[in-house]
Amino acid sequence: MLNPVEHMAAPAAARVGDTLADVDTPSLILDLDAFEDNLRMMQALAERHGVALRPHAKAHKCPDIALRQIALGAQGICCQKVTEALPFVAAGVRDIHISNEVVGAPKLALLARLAGSARISVCVDHPSAAQALSAALAQTGATAGVLVEIDVGQKRCGVQRPDEAVALARTLAGLPNLEFLGLQAYHGGLQHKRSIGQRRRGAEKAARQVRRYLRAFQQAGMPCPRVSGGGTGSALFDAAGQVYTEIQAGSYPFMDADYARLDWGDALLLRHSLFLLGTVMSTPTPERAIVDVGLKSTSAESGLPRAVAGKGLHCVAINDEHLILKADHARDRPSLGAKLRLIPGHCDPTFNLHDSLVAMRGDRVEAIWSISARGLSR
Ligand code: PLP
Ligand code: MN
């Protein structure tokens, strides 16, 4: 006898052992073979250049993924928000850099509690923020590492001049429960420049900025052991550039459609591993197919998802719960009920829309991983 629906939770979209055809839609799926290749490729790049890899977990928000990155040699992870770190600490991650400024009493109180259970570092770009952080940590007795964020061209957060950075580091050194570790130098605007030459030149320019800051620390007689930054788009150059000690790339395990538009030359050939699985729910004309993957299942601010099957099939519009596909010819249009794999435009906000990730080995579901930090944006 079936339970009455009054007490029923939504059935799981997939179970371990299912084939792709059994998986309900919309679902977020991971091709484990491609994913594992990507993890190894970035870890090898970092090791080849003697830099640490500290993958950004904001890309996936999934502790099962972070544990695999660490098992392969990652130093720890980055989180962008304090609450985001909670499920990772709960899963056993013990080294987390909050690669962001943290302002406000509730956030600082939580950070101070996290610092009692894991090695936590955080960015600071203002002396008042440093004082507030130190005061919050004094409440729990824990210590946090601090990276002074410097603006190397993104025009987002960060101090603007080397003398400011040195003065801030001096302030930090005089405050209890804080340990000055070095600099964060992240240039987000560089990551998606299409041409590899443009990204190389941009990364070299950012590295020159970092060197100016490092010289100021040297002149002040202050050690500055860590320089953290870099993303998937600039990792090749950041790892090789001799100024970063740690790479923060986040998207590299997945290769979303936005990153796939870049020119990669013959280096860092990351594979698509992340897909949305959708069902054709309507075929109103011979050339049009409607799939059940809307804005509640995929982000679209960096472009629509891309259909994997067939050259003649294009995603042309998206609504809350519908994706509209146009076929060049009737023969390219999938039939009603067909399941399609789509490459999401941008991995980070897409993960944030899903509770779980269906991890596939070939055609079989090997595991279902919880995207535990989804929605944790405070
Ligand atoms: N570090 C910081 C501070 C970021 O904001 C981001 C992404 O926005 C990353 C690293 C990772 O970048 P990507 O996902 O492009 O590898
Ligand atoms: Mn991103």
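Residues numbered from 1 in each chain as written. Chains lettered and ligands numbered in written order. Predicted model: local features only at pLDDT ≥ 70, side-chain atom pairs only at ≥ 80, totals over all residues. Heavy atoms only, no water.

If you look the chain up in an unreviewed UniProt entry, it shows as Alanine racemase from Candidimonas nitroreducens. According to its UniProt record, the chain has this under Sequence similarities (unreviewed entry): "Belongs to the DSD1 family." (UniProt positions renumbered as here; feature names shortened; annotations may be inferred.)

Moving on, we come to empty space enclosed by the protein. With the rule as written, the count across this model stands at two cavities of 30 Å³ or more. If you trace the largest cavity, you find it lined by Glu 101, Val 102, Leu 108, Val 122, Cys 123, Val 124, Ala 129 and Leu 133. Sorting the residues of the lining of the largest cavity by element identifies strand S5 (119-124) and helix H5 (127-140) as the ones contributing at least two each. With three residues, the single largest contributor to the lining of the largest cavity is S5. The residue makeup of the lining of the largest cavity, split by class, is seven nonpolar, no polar and one charged. Taken as a whole, the second largest cavity holds about 30 Å³ of empty space. Looking at the second largest cavity, the residues that line it are Ala 185, His 187, Leu 190, Gln 191, Ala 206, Gly 230, Ser 234, Asp 238 and Tyr 244. Of the residues belonging to the lining of the second largest cavity, the class tally is four nonpolar, four polar and one charged. (1 Å grid on protein atoms, 1.4 Å probe; cavity = no way out; pocket = protein on both sides within 12 Å on 5 of 7 lines; lining within 4 Å. Points joined across faces, edges and corners; volume = space filled by probe spheres on them. Helix = DSSP H or I, 4+ residues; strand = E, 2+ residues; numbered from the N terminus. Nonpolar A, V, L, I, M, F, W, Y, C, P; charged D, E, K, R; others polar.)

Of all residues adjacent to ligand 1, which total 15 residues, the nearest are Thr 232, Gln 248, Gly 250, Ser 251 and Tyr 259. Lys 58 has a polar side-chain atom sitting 2.9 Å from an oxygen atom of ligand 1. Contacts to ligand 1 include Arg 156, whose side-chain N or O atom sits 3.3 Å from an oxygen atom. Burial of ligand 1 by the protein chains amounts to 92% of its free accessible area of 390 Å². For ligand 1, the cavity whose grid points lie within 2 Å of the majority of its atoms is the largest pocket. Across the shell around ligand 1, the residue classes break down as three nonpolar, 10 polar and two charged. (Near = heavy atom within 4 Å. Polar contact = N/O pair within 3.5 Å; in protein donor to acceptor, adjacent residues only side chain to side chain. Areas by Shrake-Rupley, 256 points an atom, 1.4 Å probe, with all protein chains shown as cover. Sits in = over half its atoms within 2 Å of the grid points.)

As a packed pair, helix H4 (residues 105-114) and H5 sit with axes 8 Å apart at the nearest point and diverge in direction by 50 degrees. Taken together, H4 and H5 sit at an angle that is classed as oblique. The interaxial crossing formed by H4 with H5 has right-handed handedness. Listed contacts from H5 to Leu 108, Ala 109, Leu 111, Ala 112 and Arg 113 of H4 are Ala 132, Leu 133, Ala 136, Leu 137 and Thr 140. Here the residues of the contact of H4 with H5 are counted per class, giving eight nonpolar, one polar and one charged. (Axes fitted to C-alpha atoms, helices over the stretch in contact; angles between N-to-C directions. Parallel < 35°, antiparallel > 145°, perpendicular 65-115°, else oblique. Left-handed = near helix turned anticlockwise from the far one by under 90°. Contact = heavy atoms within 4.5 Å.)

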